[in-house]
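Given next are the chains, with one letter for each unit.
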Amino acid sequence: MTSEGGTKSKMPKVSKVKNKTPAEIQITAEQLIREAKERDLEIVAPPPKQKISDPDELAEYKLRKRKAFEDAIRRNRSLVSNWITYAQWEESQHEIQRARSVFERALDVDHRTITIWLKYAEMEMKNKQINFARNIWDRAVTILPRANQFWYKYTYMEEMLANIAGARQVFERWMEWQPEEQPWLTYIKFELRYKELDRARSIYERFVLVHPEVKNWTKYAKFEQQHSYISSARRIYERAVEFFGEDNMDERLFLGFAKFEENQKEHERARAIYKYALEHIEKEKAQELFKSYTIHEKKFGDREAIEDVIVSKRRYQYEEEVKSNPHNYDAWFDYLRLFENDGNIDGTREVYERAIANIPPSPVGFSLFPAI
């Protein structure tokens, strides 16, 4: 190319892109804007504070705010915070009817969100609209009966209003769903606050059948014991032993039962419970029971009883040894000597039968022919 002065000028070289494959990390414009906002790269001044002194100006402000809330909801109807912020703003403007309308629209969009129900009911209670709040709690527990928060708040509201019969009715509706253990215990505590022992006892009767676990039977018995119904507590322990039977015996139940009798100075009963449990529960599952039995006999037993406990312990040790190594004949002889010294003929005979049933292994290379 020739310029006006006659000199030749060279065209700049265009650099060629050698690698045209897309980059591993792709950055979009949306990401750039989000990062700029997060890092506050673009500082936006806060809007100026407005002082509204004219009714028309107030109406215009409300219209503008409502339009902004409606636009936010239109962009994302499933975002719960948009609905709650909108309703709370209406409440702050003393527009309770409009706030209710917003909450109802939110429930139409998503009726399974617990937060919406809670905020809705709390708004009604805050404004002392008790019947409206009751209506919301009723709807909430009907639609979501497994959400314990609703039941707790509903019963608490009724109790704070001194509507004890109403709170009890709500508790009964709740128990029909057979909830977890804690709601039952909350109901029992509610009745005890008003000295309704018979009602609390009736709840315990249903509770131990819905949640038939040893700890719950023990709680029931302790409840009776705390209120000085000793015979009732004993009957509950006896019913629990019968309920679980011999197939599902648990040492915790017998520990509680024996300690209950020990506290009542019924040492013979406690001893009988310990012996019965130790005879029927597997030894490896009754370590704590055996330890408690030993302590009990040392404190309240005579010499013979203490010796009996020691013999039982040694018997258990020998039993474990011969089980782990049936050819340990020293352990068998010690075991037999223990029965013989105790004068237990039937037990001695049985151990002899078990011992001789264990044929010793033949040594390798042992000659079966008589010596010539």
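This section reports on the structure supplied with the text. A quick note: this is a predicted structure, and the numbers were derived from the prediction, not measured.

About the thresholds
Residues numbered from 1 in each chain as written. Predicted model: local features only at pLDDT ≥ 70, side-chain atom pairs only at ≥ 80, totals over all residues. Heavy atoms only, no water. Helix = DSSP H or I, 4+ residues; strand = E, 2+ residues; numbered from the N terminus. Buried < 20%, exposed > 50% of the residue type's maximum accessible area, 1.4 Å probe, protein only. Areas by Shrake-Rupley, 256 points an atom, 1.4 Å probe, with all protein chains shown as cover. Expected span 1.5 Å × (residues − 1). Arc of directions from axis to C-beta. Core = buried A, V, L, I, M, F, W, Y, C linked by side-chain atoms within 4.5 Å. Contact = heavy atoms within 4.5 Å. Patch = residues over 30% accessible without salt bridge, like charges linked within 9 Å, V, L, I, M, F, W, Y side chains within 5 Å. Salt bridge = Lys/Arg side-chain N within 4 Å of Asp/Glu carboxyl O. Lys, Arg positive; Asp, Glu negative; His and termini not counted. Charge placed at Lys NZ, Arg CZ, Asp CG, Glu CD. Phe/Tyr/Trp six-rings, centres within 6.5 Å; stacked < 30°, edge-to-face > 60°. Lys NZ or Arg CZ within 6 Å of the ring centre and 35° of its normal. Axes fitted to C-alpha atoms, helices over the stretch in contact; angles between N-to-C directions. Parallel < 35°, antiparallel > 145°, perpendicular 65-115°, else oblique. Left-handed = near helix turned anticlockwise from the far one by under 90°. Nonpolar A, V, L, I, M, F, W, Y, C, P; charged D, E, K, R; others polar.

**Structural notes on the overall build of the protein**
Looking only at helices and strands, the protein features 18 helices and zero strands. Burial statistics for the protein: of 372 residues in total, 34% are counted as buried. Carbon and sulfur atoms make up 53% of the accessible area of the protein, which totals about 25,900 Å².

**Some points on helix α4 (residues 96-109)**
Because each turn of an α-helix spans 3.6 residues, side chains separated by three or four positions end up pointing in the same direction. Over its 14 residues, α4 runs 20 Å from end to end, which matches the ideal 20 Å to within 8%, given 1.5 Å per residue. Regarding α4, the residues found buried are Ile96, Ala99, Arg100, Val102, Phe103, Ala106 and Leu107. Burial along α4 is one-sided: seen end-on, the buried residues are contained in an arc of 160°. Away from its buried face, by an angle of more than 90 degrees, α4 presents the exposed residues Gln97 and Asp108.

**A closer look at the nonpolar core**
One finds Phe150, Phe254 and Leu289 to be the most contacted residues of the largest nonpolar core, which totals 74 residues. Ignoring any residue separated from it by four or fewer positions in sequence, one finds phenylalanine 254 in contact with Val241, Met249, Ile273, Tyr276, Ala277, Ile281 and Leu289.

**Some words on the environment of tyrosine 152**
Tracing the backbone shows tyrosine 152 in helix α7 (residues 148-160). Taking C-alpha positions, tyrosine 152 is 9.7 Å from tryptophan 174, a pair spaced 22 residues apart along the chain. If near-sequence neighbours (up to four positions away) are discounted, tyrosine 152 is found in contact with Trp174, Gln182, Pro183 and Thr186.

**Considering a nonpolar patch on the surface**
Side chains of Ile25, Ile27 and Leu32 sit close together on the surface and give an oily, nonpolar patch of about 360 Å² of accessible area. Considering the arrangement of structural elements, one finds isoleucine 25 in the segment before α1 (29-38). You can call isoleucine 25 exposed: its relative accessible area is 70%.

**Section: a negative patch on the surface**
On the surface, a cluster of negative charge is contributed by Asp54, Asp56, Glu57 and Glu60. Position of aspartate 56 relative to the elements: it lies in helix α2 (residues 55-75). Accessibility expressed as a relative area gives 61% for aspartate 56, which makes it exposed.

**Considering the packing of aromatic side chains**
Evaluated as defined, the whole model comprises 21 aromatic pairs. Arranged with centres 5.8 Å apart and planes meeting at 5°, the rings of tryptophan 151 and tryptophan 174 form a pair that is stacked. One end of the pair, tryptophan 151, is in helix α7; the other, tryptophan 174, is in helix α8 (residues 164-175), and 23 residues separate them in sequence. Across the pair, tryptophan 174 and tryptophan 151 agree in class, each one buried. The ring centre of phenylalanine 132 lies 3.8 Å from the NZ or CZ of arginine 100, which sits over that ring. Over the ring of tyrosine 229 we find arginine 201; its NZ or CZ atom is 4.9 Å from the centre of that ring.

**A look at the pattern of salt bridges**
Counted according to the given criterion, the structure contains 24 salt bridges. For arginine 206, the salt bridge identified is with glutamate 172, shortest N-O distance 3.1 Å. Taken together, the positions of arginine 206 in helix α10 (residues 197-210) and glutamate 172 in helix α8 put the pair 34 residues apart, joining distant regions of the chain. A residue is classified by how much of its surface remains accessible, and glutamate 172, at 29% relative accessible area, is partly exposed. Salt-bridge contacts for glutamate 224 lead to arginine 201; the nearest nitrogen and oxygen are separated by 2.6 Å. Of this pair, glutamate 224 sits in helix α11 (residues 214-226) while arginine 201 sits in helix α10, and the two are 23 residues apart along the sequence. Taken as a pair, glutamate 224 and arginine 201 share a single burial class, namely buried. Residues joined in a network through salt bridges with shared partners are Lys67, Asp71 and Arg74.

**What about the packing of helix α3 (residues 80-92) against α4?**
Relative to each other, α3 and α4 sit at 165°, their axes nearing to 7 Å. One way to sum up the angle between α3 and α4 is to call them roughly antiparallel. In terms of crossing hand, the pair formed by α3 and α4 is left-handed. Here Trp83, Tyr86, Ala87, Glu90 and Glu91 of α3 lie close against α4, whose contacting residues are Ile96, Arg98, Ala99, Val102, Phe103, Arg105, Ala106 and Val109. Taken together, the residues of the contact of α3 with α4 sort by class into nine nonpolar, no polar and four charged.

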